[in-house]
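Observations on chain architecture
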Amino acid sequence: MKITDDILYVGVNDHKVDLFEGQYVVPRGMAYNSYLVKDEKTLVFDTVDRNFGDEWFANIKAKIGEGPVDYLVVQHMEPDHSANIAAFAAAYPKATIVASAQAFVMMKNFFGTDYADRRLVVKDGDTLSTGKHTFAFVAAPMVHWPEVIVTYDTTAKILFSADGFGKFGANDVEDPEGWDCEARRYYIGIVGKYGPQTQALLKKAAGLEINMICPLHGPVLATAEEIAHAVKQYDTWSSYSVETPGVCIAYTSVYGHTKEAVMKLKELLLAKGCPKVAVSDLARDDQPEAVEDAFRYGKLVLATTTYNMNIFPWMRHFIDHLTERNYQNRTVAFIENGSWMPQAAKVMRKMFENSKNITFCENVVTIKSALSAESEAKLEALADELVK
Ligand code: FEO
């Protein structure tokens, strides 16, 4: 991957990972990006996942041979990027480790040392020159951990954005869906809770002239159009704004009756002019994809059964994923099923009691075992309310 004549890609692609960060399926693999700056001093941005240390060292050697590395900048301490710090420190004993104060505390916890004799602690606004390039460090707390810094190359006008603007998928596999889909699933799933912190970072970045964004996952954003689009998407996602008009329906169904109601509602919504209806079976489809859709569209319908005086577990799990990511500014509707004492709607509504700016639809559809003329009429009323 070409960055510039003197900023070289030394990252790796992971096609073995089963679940990224222990929970996300990544059918197109994952990239752990790392960048080497070949200046009067040599500088490397971030290490890679523990399984790819040898490949990463080989990538560095392929660029500089046995030459020294003077600085390792650690922008983020999550192990997908930090796992090889100790190995790097041993391989390049004269290198200085550059990171935030909090990152060094984490290094001590991970590796038993905070490199007190060979470190440079940087804070927001500090700079480091390697000769031609001067790097300015920008604090980006909680995008995605508290110790994160991002780095602006004031010479080449490149933003090294850590997890920000990252994407699921290895860099050697073309993603037929383009950047948005897996960048959105990545952002909502991994950083989604930290909208205000991401907004703060966007505000800092807005004052910079940026020719290129180099994230720690996924492709480099190299054109003005790509950068403007990604920044616009990040602004929408981190402000919890609606990205796409339409309805997301997430459901669980034990014997198919709740599913039947969901499919009927989808048909009604489309017939009444709803521009898009995205449906997820929470027991069978990818949950992070359903979470992504809930944040993407302005309206959400949750359909589930009453179960053990509560709701079906996959739905409880799903709503937890929404509320813990500060789900807000949305319209939410409920379809409940129950063969003797339906109460799923009440349980689901209560789960949003601390969520901001949620409008609940007046029409709650109650199914007693299977659809009836009465519940079908209620579905129609709900469809009308949703497209209103
Ligand atoms: Fe890619 Fe938060 O680590």
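Notes on the structure follow. (Residues numbered from 1 in each chain as written. Predicted model: local features only at pLDDT ≥ 70, side-chain atom pairs only at ≥ 80, totals over all residues. Heavy atoms only, no water.)

**Side note on the sheet that holds strand E7 (residues 96–99)**
The strand order E1-E4-E5-E6-E7-E8 describes an open sheet built from six strands, whose pairing is mixed. Sheet topology places strand E1 (7–9) and strand E8 (119–121) at the edges, where each strand pairs with a single neighbour. Along the sheet, successive strands turn relative to each other by an average axial angle of 20°, direction set aside. Taken together, the three bridges between strand E5 (residues 42–45) and strand E6 (residues 71–73) define a ladder with parallel strand orientation. Directly across from Phe45, in E6, lies its bridge partner Val73. Taken strand by strand, helix H1 (residues 53–64) contacts E1, strand E4 (35–38) and E5, and its axis lies near 20° from that of E4. Where helix H4 (residues 101–111) meets the sheet, it contacts E7 and E8, and its direction lies at approximately 120° from that of E7. (Pairing = 2+ DSSP bridges. Helix = DSSP H or I, 4+ residues; strand = E, 2+ residues; numbered from the N terminus. Axes fitted to C-alpha atoms, helices over the stretch in contact; angles between N-to-C directions. Contact = heavy atoms within 4.5 Å.)

**Structural notes on the nonpolar core**
Membership of the largest hydrophobic core comes to 86 residues, with the highest contact counts inside it found for Met107, Leu302 and Phe318. The two domains that each donate at least three residues to this core are domain 1 (7–238) and domain 2 (246–387). Listed in part, the 22 residues of the second largest apolar core include Cys274, Val277, Ala303 and Ile367. (Core = buried A, V, L, I, M, F, W, Y, C linked by side-chain atoms within 4.5 Å. Buried < 20%, exposed > 50% of the residue type's maximum accessible area, 1.4 Å probe, protein only. Domains from an automatic or database assignment.)

**Let's talk about the packing of helix H9 (residues 287–296) against helix H10 (residues 313–324)**
Contact geometry for H9 and H10: axes closest at 10 Å, N-to-C directions at 50°. As judged from the angle between their axes, H9 and H10 are oblique. Both H9 and H10 take part in a crossing whose hand is right-handed. Contact residues: Gln287, Ala290, Val291, Ala294 and Phe295 in H9; Trp314, His317, Phe318, His321 and Leu322 in H10. Counted by class, the contact of H9 with H10 contains seven nonpolar, three polar and no charged residues. (Parallel < 35°, antiparallel > 145°, perpendicular 65-115°, else oblique. Left-handed = near helix turned anticlockwise from the far one by under 90°. Nonpolar A, V, L, I, M, F, W, Y, C, P; charged D, E, K, R; others polar.)

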